[in-house]
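Secondary and tertiary structure notes
For reference, the chains in residue letters:
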Amino acid sequence: MCGRSCMTLDPNEIVCACKYKVNNDEELKEPAYRNEYNLGKKYIPSYNIAPTDICPIIVSSKHLNDDEISSNRTVLPALWSLIPKWHKGDYRKHGLTTNNARFEGLTDSKLYKPLLDRGKRCVMVIEGFYEWKTTDLKAKSSERSVYFVHMPQNDKIKIEDKSSWNGLCEDLKLMYIAGLFDVWNDEVGDSIYSFTIITYESDI
DNA sequence: CCAGACGTTGTT
DNA sequence: GTCTGG
DNA sequence: CCAGACGTTGTT
DNA sequence: GTCTGG
């Protein structure tokens, strides 16, 4: 569940699509965008975002102690699969599966509970995600049927066809997935933002 | 005390 | 780094 | 989540 | 078949 997602927007399109209301103001506010270095790994817009790729999340700007940030929400690129804070060495070699965090038992987790306590909440912003049929599991994975799950859109917009909504970012309905994030530091002090998304046993 | 986990997915 | 199991 | 590796020897 | 890397 939730192991592949789609985000083809550029940063400027994302902040436009993520405008939000503050209290009862008429005016919509745009989140800030912060281009984290993340050890040189860049966000590359793609219809096929995999765990360990870099993709955008939204966090409260209070976590970034940066006076230049005007908005109370910030979009920043982060690595999808939380890197444990205690991990040393190559950031890819922690050996844990952390792209998803199960809601059940989250408060008992050595890895995730401290993030809850520190308020390290985030939201993964995507156009949608993919679900493969589990029924034909014996088939080669490349030949299994796949569904694209996304938000309902207004009449003008067909989400599979970018030309139908180019320049209409404000009308685009993106999907927001609850998650937890952290900053991991390597031996020389360079950092990577990483995150996990919270999953729950399906009703269906 | 030390050693080892710390996490998830799916199906039988 | 910190908790759990032995 | 899928795709792709999964291994070693020696020399240029 | 199963693990790793993206």
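Use the structure listed above.
Attention here is on the structure that accompanies the text. Not measured: the values here are computed from a predicted model.

1. Digging into unusual backbone geometry
- With a phi angle near 80°, Thr52 is a residue other than glycine that sits in the positive phi range.
- Relative to the helices and strands, Thr52 resides in the loop between β5 (46-49) and β6 (54-60).
- The exposure class assigned to Thr52 is partly exposed, which follows from its relative accessible area of 44%.
- Positive phi is not limited to glycine here, since Ser81 has a value of about 135°.
- Locating Ser81 in the fold gives a position in the loop between β7 (73-80) and β8 (100-102).
- On the basis of relative accessible area, Ser81 is assigned to the buried category, the value being 9%.

2. What to know about the packing of aromatic side chains
- Applying the stated rule across the entire model yields four aromatic pairs.
- Taking 6.2 Å as the distance between ring centres and 50° as the angle between the ring planes, the aromatic pair formed by Tyr130 and Trp132 counts as tilted.
- Overall, Tyr130 belongs to the buried group, its relative accessible area being 16%.
- Exposure remark for Trp132: the relative accessible area of 33% places this residue in the partly exposed category.
- In this arrangement the basic side chain of Arg73 is found over the ring face of Tyr20, its NZ or CZ atom lying 3.8 Å from the centre.

3. Some words on the pairing of strand β9 (residues 121-126)
- Where β6 lies against β9, two bridges are found, and the strand directions are antiparallel. Bridge pairing links Ile57 to Met124 in β9.
- Pairing between β9 and strand β12 (residues 175-185): six bridges, direction antiparallel. The residue of β12 that forms the bridge with Val123 is Ala178.

4. Regarding the protein's contact with DNA strand E
- The immediate surroundings of DNA strand E are formed by Arg4, Ala50, Pro51, Thr52, Arg92 and Lys93.
- By atom count, sugar and phosphate contribute 27% of the portion of DNA strand E lying within 4 Å of the protein.
- Between DNA strand E and Arg4 there is a distance of 2.2 Å, counted from a base nitrogen to a side-chain nitrogen or oxygen.
- Thr52 is positioned such that a nitrogen or oxygen atom in its side chain is 3.0 Å from a base nitrogen of DNA strand E.
- Looking at side-chain class alone, the surface near DNA strand E contains two nonpolar, one polar and three charged residues.

5. Points about the sheet that holds β5
- If you trace the four strands from one edge of the open sheet to the other, you get β5-β1-β10-β11, paired in antiparallel fashion. Only two strands of the sheet have a single neighbouring strand rather than two, namely β5 and β11 (146-150). For this sheet the average axis-to-axis angle between neighbouring strands, irrespective of direction, equals 30°.
- Where strand β10 (residues 128-132) meets β11, five bridges bridge the pair, whose relative direction is antiparallel.

Thresholds applied
Residues numbered from 1 in each chain as written. Chains lettered and ligands numbered in written order. Predicted model: local features only at pLDDT ≥ 70, side-chain atom pairs only at ≥ 80, totals over all residues. Heavy atoms only, no water. Helix = DSSP H or I, 4+ residues; strand = E, 2+ residues; numbered from the N terminus. Buried < 20%, exposed > 50% of the residue type's maximum accessible area, 1.4 Å probe, protein only. Phe/Tyr/Trp six-rings, centres within 6.5 Å; stacked < 30°, edge-to-face > 60°. Lys NZ or Arg CZ within 6 Å of the ring centre and 35° of its normal. Pairing = 2+ DSSP bridges. Near = heavy atom within 4 Å. Polar contact = N/O pair within 3.5 Å; in protein donor to acceptor, adjacent residues only side chain to side chain. Nonpolar A, V, L, I, M, F, W, Y, C, P; charged D, E, K, R; others polar. Axes fitted to C-alpha atoms, helices over the stretch in contact; angles between N-to-C directions.

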